[in-house]
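Observations on the three-dimensional arrangement
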Amino acid sequence: MNSNSELGGNHNHSDGTETDFKERLPNVYSAVAPHIRSICTTKSLRRRIHVLEWLPKYPLNYLLSDIIAGITVTLTAIPQSIAYGILANLQPQDGIYSNLIGCFMYFLFGSVKDVTVAPTSIMAIMVQGIVAKLGYGAALLTLLAGGVTFLFGLFHLGFLVRFISMPVITGFITAACLTIGTSQLRSLLGISSPGKSSDFIDAWENVVLNIGQTRLWDALLGFSSIAFLVILRLTKDCGKGHWKTFFKYLALLRNAMIVIIGACLAYGFSRSGTQPFVLTGHVESGLPPFRVPPFSITNNGTYYSFSDMISVMGTSIITIPLVSTLEIISIGKAFSKDKMIDATQEMFALGMCNLAVAFFSPLPVAGSFTRTAINNSSGVKTSLGCAVTAALLMLSLAVLADAFYYIPKTTLASVVISAMIFMVDYRGMAEIWRVKKIDMVPFIATVIAGVFLGLDLGILIGIAINSCVLLYLVSAPEIDIAFSLVEDIRVLLIRPAIDLTFSSAEYLRDRVLQAVVKTYENEVDLVVLDGSRVNFVDTTVVKNVASLENDLSSRQVGLILWRWNKSTAGGMVRLRDGFRTLLSNAESFVEAVQQWKASSDGYLKETSD
């Protein structure tokens, strides 16, 4: 079979017509218009407001399973929501407000039946410093984070999550667990001093300096609660048959049980006229009040304009959407089994959740792994389980608000700390060490930065380090170099393994010249640059190939650009039309060399600047 082009002539198609190397700009309208039209269709509306897809076809035999799952999740959600509200420096009811609104909005827009959207420890710790400065003004952060997440979904930017690697995720979770667990030591021991902040160093400093304030009864209840929770978690798979089911549900209800026990103890002591525990205190009853997030605020005598508030929020406006998106997609994938996850819909749903939450509470929501696991194990069938949880949370605010007063803070601290113990991915750390030890660098960097500089900076630093590794791999791609003799022509075959960009341009040129000059000591007649695995080149690459051709020409060495596709070859020709004479689509390497040899006197080149 003949090649599509002959060296030294025009680059032609097999039909004899000259190849057009003009670059055509993409038709933006034709690319965007169908997408815009699809957004505005009834089908798209049903897909985005996901409840319209499944609720009309809802089987009634699912109802009991969804109600049971919703009740079970609520028993865990109440103590955790109160704990995370306090952790975020907010009122206890703010955590419940976030959970209530988040669950209801996910019922409307969510696409994964198992996922429960709620305040999480990571979200609480990421906003607590901002709440300390802005107070309720932190609701603006929740609004902006929801808007950013919504835009992620609208513009299909789920690919951004791909830049957060597994070592960075593991490092972030580890740093979050260390920071969150440490921040709860004060409440666990009953220390009244609030300390400078809940950061890792400040929290430990506060505990060490005020260890004399430790309240014996709080410490005893707190540590015994942790032991109780850990034992129940470790025994969740014990027994067989009915006993296995018993231990399973005992473990699922452990948070609710320990909170009820603690509240009953506190209430009993209160009735006897003493109170050895520090209590949660008043929890406002009734429906969550609707409040528009402020765009300026005065908190603790300090006025913050909109720009001041944005400055206080800093990178959290981006990191909270990234982290919450990562959480909900990874949790969705973990519990959806073999079903495909619509990442766009999940980002859209999470964005809508936080946009709504911002009008009721400053605490943003994300996918909760613990409550999603409970939802799944309770046999939930549809997202109606979230609606049941929202309804029960609303009922608890109306009926049980007075009972929340007696929940000891040390009990809530034990719930958070025991959750952190099992949230650390110990297996993931071991896998990183076994698979690729270099991945320990971004992992350790993320942990250290997250603990000492803050979780938002920690994940950004981890991503930056991972990106540097990625850039290094792109800038120094694998290049196969082989020397062969074809009909007395000494040929060097160069085959880049991936696409070529500006960062790898000089590397390619240096590797070729090094091979020609040093490795084979100028005993090369021809360099064949195989572009079969290259689908992209930019201006810097083309310029360096042109310089390479000049360098080889000065050493009386020929150059062939073999098997470059139309897109990449077009960049060469548009820079210098003389590149047409170097292009070859010969069927085989030997044939390409033979064509070069058959050209005028072996190799005659025109040079031009």
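Because the structure is predicted, anything quoted here is derived from the model rather than measured.

Quick word on the sheet that holds strand E5 (residues 479-486)
If you trace the five strands from one edge of the open sheet to the other, you get E5-E6-E7-E8-E9, paired in mixed fashion. Since the sheet does not close on itself, it has two edges, and those belong to E5 and strand E9 (583-584), each with one partner. Of the strand pairs in this sheet, strand E6 (residues 489-496) and strand E7 (residues 526-530) are connected by four bridges, and their pairing is parallel. If you follow Ile494 over to E7, its bridge partner there is Leu529.

Some words on the pattern of salt bridges
Summed over all chains, the structure comprises ten salt bridges. Of the charged contacts, one joins Lys597 and Asp488 as a salt bridge, the two residues approaching to 3.6 Å between their closest N and O atoms. With a gap of 109 residues between them, Lys597 in helix H27 (residues 589-598) and Asp488 in the loop between E5 and E6 connect regions that are remote in the sequence. The class for Lys597 is partly exposed, based on a relative accessible area of 35%. Judged by relative accessible area, which is 55%, Asp488 ranks as exposed. Connected via shared salt-bridge partners are Glu487, Asp488 and Lys597.

Describing the environment of Val573
Position of Val573 relative to the elements: it lies in helix H26 (residues 566-575). The spacing of Val573 and Leu583 is ten residues in sequence and 9.3 Å in space, taken between C-alpha atoms.

A look at helix H24 (residues 502-519)
Look at H24: 25 Å from first C-alpha to last across 18 residues, which is about the 26 Å you get at 1.5 Å a residue. When H24 is considered as a whole, its buried residues turn out to be Ser504, Ala505, Leu508, Val512, Leu513, Ala515 and Val516. Looking at the buried residues of H24, the elements they touch are helix H23 (455-475), E5, E6, E7 and helix H25 (539-554). Glu521, located one to two residues past H24, shows a positive phi value of around 50°.

Concerning the state of the cysteines
What makes a disulfide is a covalent bond joining the sulfur atoms belonging to two cysteines. Summed over the entire model, instances satisfying the criterion amount to zero disulfides. Cys386 provides the cysteine sulfur closest to Cys103, a residue in no disulfide bond, and the two sulfurs are 4.8 Å apart. The exposure class assigned to Cys386 is buried, which follows from its relative accessible area of 2%.

A look at unusual backbone geometry
The phi torsion at Glu487 lies on the positive side, around 50°, for a residue other than glycine. Locating Glu487 in the fold gives a position in the loop between E5 and E6.

Some thoughts on the packing of helix H4 (residues 63-87) against helix H18 (residues 384-399)
Packing of H4 against H18 brings their axes to within 8 Å, and their N-to-C directions diverge by 50°. Here H4 is positioned oblique relative to H18, judged by the angle of their axes. The handedness of the crossing between H4 and H18 comes out as right-handed. Taking contact as the criterion, the partners of Leu63, Asp66, Ile67, Gly70, Ile71, Val73, Thr74, Ala77 and Ile78 in H4 are, on H18, Leu384, Gly385, Val388, Thr389, Leu392, Leu393 and Ser396. Its residues assigned to classes, the contact of H4 with H18 shows ten nonpolar, five polar and one charged.

The rules we used
Residues numbered from 1 in each chain as written. Predicted model: local features only at pLDDT ≥ 70, side-chain atom pairs only at ≥ 80, totals over all residues. Heavy atoms only, no water. Pairing = 2+ DSSP bridges. Helix = DSSP H or I, 4+ residues; strand = E, 2+ residues; numbered from the N terminus. Salt bridge = Lys/Arg side-chain N within 4 Å of Asp/Glu carboxyl O. Buried < 20%, exposed > 50% of the residue type's maximum accessible area, 1.4 Å probe, protein only. Expected span 1.5 Å × (residues − 1). Contact = heavy atoms within 4.5 Å. Disulfide = S-S within 2.5 Å. Axes fitted to C-alpha atoms, helices over the stretch in contact; angles between N-to-C directions. Parallel < 35°, antiparallel > 145°, perpendicular 65-115°, else oblique. Left-handed = near helix turned anticlockwise from the far one by under 90°. Nonpolar A, V, L, I, M, F, W, Y, C, P; charged D, E, K, R; others polar.

Limitation: the analysis is restricted to geometry and does not speak to function.
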